[in-house]
Amino acid sequence: MDKYICDVCGYVYDPAEGDPDNGIAPGTAFTALPDDWECPLCGVDKNSFSKAED
């Protein structure tokens, strides 16, 4: 699964880790995140993320 990076603060969403502090289980793809999910560091929405380069 692809990692995604926040264009604002640089936070990397890694699907292998998920976002357990916000109820997102490990193994959750970025595309499967709820529409109201926000960057846990700066609070922007999913539209402010880009696919991370390998």
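The coordinates are above.
Note that the structure is a prediction, hence the values are computed from the model and not measured. (Residues numbered from 1 in each chain as written. Predicted model: local features only at pLDDT ≥ 70, side-chain atom pairs only at ≥ 80, totals over all residues. Heavy atoms only, no water.)

**Q** Hey, could you run me through the overall build of the protein in this one?
**A** Check the secondary structure of the protein and you find zero helices and three strands. What you see for the protein is a C-alpha radius of gyration of 10 Å, in line with the 10 Å of a compact globule of 54 residues. Along the first, second and third principal axes, the C-alpha set of the protein runs to 25 × 25 × 15 Å. Here the protein, with 54 residues, has 31% of them falling under the buried criterion. Taking contacts inside the protein between residues at least 6 apart in sequence as the whole, the part at least 24 apart equals 44%. (Helix = DSSP H or I, 4+ residues; strand = E, 2+ residues; numbered from the N terminus. Rg over C-alpha atoms; globule rule 2.2 N^0.38 Å. Buried < 20%, exposed > 50% of the residue type's maximum accessible area, 1.4 Å probe, protein only. Contact = heavy atoms within 4.5 Å.)

**Q** Help me out: how do you make sense of the pattern of salt bridges in this one?
**A** Between side chains of opposite charge, a pair can form as their charged atoms come close. In total, this model carries two salt bridges according to the counting rule given. Between D2 and K51 there is a salt bridge, with the nearest N and O atoms lying 3.3 Å from each other. With a gap of 49 residues between them, D2 in the segment before β1 (4-6) and K51 in strand β3 (residues 49-51) connect regions that are remote in the sequence. Of the charged contacts in the structure, one is a salt bridge between D14 and K3, with a shortest N-O distance of 3.8 Å. (Salt bridge = Lys/Arg side-chain N within 4 Å of Asp/Glu carboxyl O.)

**Q** Help me out: how do you make sense of the side chain of T28 in this one?
**A** If you trace the backbone, T28 turns up in the loop between β2 (12-13) and β3. Accessibility expressed as a relative area gives 19% for T28, which makes it buried. Within the structure, T28 has its side chain in polar contact with the backbone oxygen of A25 (distance 2.7 Å). Residues in contact with T28, not counting those within four places in the same chain, are M1, Y13, P15 and L33. (Polar contact = N/O pair within 3.5 Å; in protein donor to acceptor, adjacent residues only side chain to side chain.)

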